[in-house]
Amino acid sequence: MPEYEFVDVYVPRGVPRKEATRLLTDHAEYGNWEIDRLSLHRDGSRRVRLRRRIIRQVRATW
């Protein structure tokens, strides 16, 4: 089973959709994050949980 690390990103109301998309795209491209969960609140703010896989290196034994 893969292990993930998570980060929560809060996008306040008033931030246009295009800017929010750019912010999440930057996280995805440069930090290898993907969207795990997105919640849109009544006041227009968004809370996004991003995740990325933790890659553990296994030590080679000779």
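Residues numbered from 1 in each chain as written. Predicted model: local features only at pLDDT ≥ 70, side-chain atom pairs only at ≥ 80, totals over all residues. Heavy atoms only, no water.

Novice: Mind laying out helix 1 (residues 17-31), listing which residues take part and the relevant values?
Specialist: Helical periodicity: at 3.6 residues per turn, an α-helix aligns residues three or four positions apart in one direction. The terminal C-alpha atoms of helix 1, which comprises 15 residues, lie 21 Å apart, in line with the 21 Å expected from a rise of 1.5 Å per residue. Along helix 1, the positions that sit buried rather than exposed are Ala 20, Leu 24 and Gly 31. Buried residues along helix 1 cover an arc of 70 degrees about the axis, so they all sit on one side. Opposite its buried face, helix 1 presents the exposed residues Lys 18, Glu 29 and Tyr 30, each directed more than 90 degrees away. Buried positions along helix 1 lie against strand 1 (4-11), strand 2 (34-40) and strand 3 (46-53). Just past helix 1, the residue Asn 32 takes up positive phi, approximately 60 degrees. (Helix = DSSP H or I, 4+ residues; strand = E, 2+ residues; numbered from the N terminus. Expected span 1.5 Å × (residues − 1). Buried < 20%, exposed > 50% of the residue type's maximum accessible area, 1.4 Å probe, protein only. Arc of directions from axis to C-beta. Contact = heavy atoms within 4.5 Å.)

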